[in-house]
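In case you want the letters, here they are:
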Amino acid sequence: QVQLVESGGGLVQAGGSLRLSCAASGRTFSSYTMGWFRQAPGKEREFVAAISRSGGSTLYADFVKGRFTISRDNAKNTVTLQMNSLKPEDTAVYYCAASRNYYGTAVPPYDQWGQGTQVTVSS
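This text gives an overview of the structure that appears in the document. (Residues numbered from 1 in each chain as written. Predicted model: local features only at pLDDT ≥ 70, side-chain atom pairs only at ≥ 80, totals over all residues. Heavy atoms only, no water.)

Positive phi is not limited to glycine here, since Asn 77 has a value of about 55°. Looking at where Asn 77 falls in the secondary structure, it is placed in the loop between β7 (68-73) and β8 (78-83). Note on Asn 77: relative accessible area 15%, which makes it buried. One non-glycine residue, Ser 85, adopts positive backbone phi at about 50°. (Helix = DSSP H or I, 4+ residues; strand = E, 2+ residues; numbered from the N terminus. Buried < 20%, exposed > 50% of the residue type's maximum accessible area, 1.4 Å probe, protein only.)

Here it is, written out as structure tokens:
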């Protein structure tokens, strides 16, 4: 198992940028595919981005393509989500997640989750 701790959320104006980080414990971080998800009030948790174990492959939800970038540093046990051109509809709690056996966009196969970090985008 890995323990995940997100940071970097906050309040930003529309058009601004934020950089979310997720720090993972343990020495097997490179064995996990990593994902970012978000959940707005009253809505289901949804996929944002994912990255393969090596970092050589990435997936993005259509609504963030061209604006968000996911990356990882296996030497530092971190995964990052760079968010640019933020919109009010990006407001949500953002979660970091990990899976040993799954690389994709579905929520349930990711079985290790952080506590989340709030992102609020004002108009």
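This paragraph deals with the nonpolar core. Ranked by size, the top nonpolar core spans 33 residues in total, and within it Met 34, Trp 36, Val 79, Leu 81, Met 83 and Tyr 94 carry the most contacts. Broken down by secondary-structure element, the contributors of at least two residues to this core are β3 (18-24), β4 (33-39), β5 (46-51), β7, β8, β9 (92-99) and β11 (117-122). (Core = buried A, V, L, I, M, F, W, Y, C linked by side-chain atoms within 4.5 Å.)

For the rest of this paragraph, the subject is the pairing of β11. Burial along β11 is one-sided: the face carrying Thr 117, Val 119 and Val 121 is buried and the face carrying Gln 118, Thr 120 and Ser 122 is not. Note that strand β2 (residues 10-13) and β11 share four bridges and pair parallel. Looking at β11, one finds that Leu 11 is bridged to Thr 120. One ladder, built from three bridges, connects β9 with β11; its direction is antiparallel. Note that in β11 the partner of Tyr 94 across the bridge is Thr 117. (Pairing = 2+ DSSP bridges.)

We now examine the state of the cysteines. Overall, the coordinates contain one disulfide when judged by the stated rule. Paired through a disulfide, Cys 22 and Cys 96 show a sulfur-sulfur distance of 2.1 Å. Since a negative S-S torsion denotes a left-handed disulfide, the Cys 22-Cys 96 link at about -80° is left-handed. Highlighted residues: Cys 22 in strand β3 and Cys 96 in strand β9, separated in sequence by 74 residues. Accessibility assignment for this pair places Cys 22 and Cys 96 in one class, buried. (Disulfide = S-S within 2.5 Å.)

To continue, consider the pattern of salt bridges. Counted by the stated rule, this structure contains four salt bridges. For Arg 38, the salt bridge identified is with Glu 46, shortest N-O distance 2.7 Å. Residue classification places Arg 38 among the buried positions, given a relative accessible area of 6%. Asp 90 is the salt-bridge partner of Arg 38, the closest N and O atoms lying 2.9 Å from each other. Of this pair, Arg 38 sits in strand β4 while Asp 90 sits in the loop between β8 and β9, and the two are 52 residues apart along the sequence. One continuous salt-bridge network, built from bridges that share partners, spans Arg 38, Glu 46, Arg 67 and Asp 90. (Salt bridge = Lys/Arg side-chain N within 4 Å of Asp/Glu carboxyl O.)

Below, the discussion takes up the pairing of β7. Alternating residues of β7 divide into Phe 68, Ile 70 and Arg 72, all buried, and Thr 69, Ser 71 and Asp 73, none buried. Here β7 folds back onto β8, and the loop between the two strands holds four residues, one of which, Asn 77, carries a positive phi near 55°.

Let's shift gears to the side chain of Thr 33. Inspection of the secondary structure assignment puts Thr 33 in strand β4. Here Tyr 102 takes part through its backbone oxygen, which lies 2.4 Å from a polar atom of the side chain of Thr 33. (Polar contact = N/O pair within 3.5 Å; in protein donor to acceptor, adjacent residues only side chain to side chain.)

Structural measurements only, silent on function.
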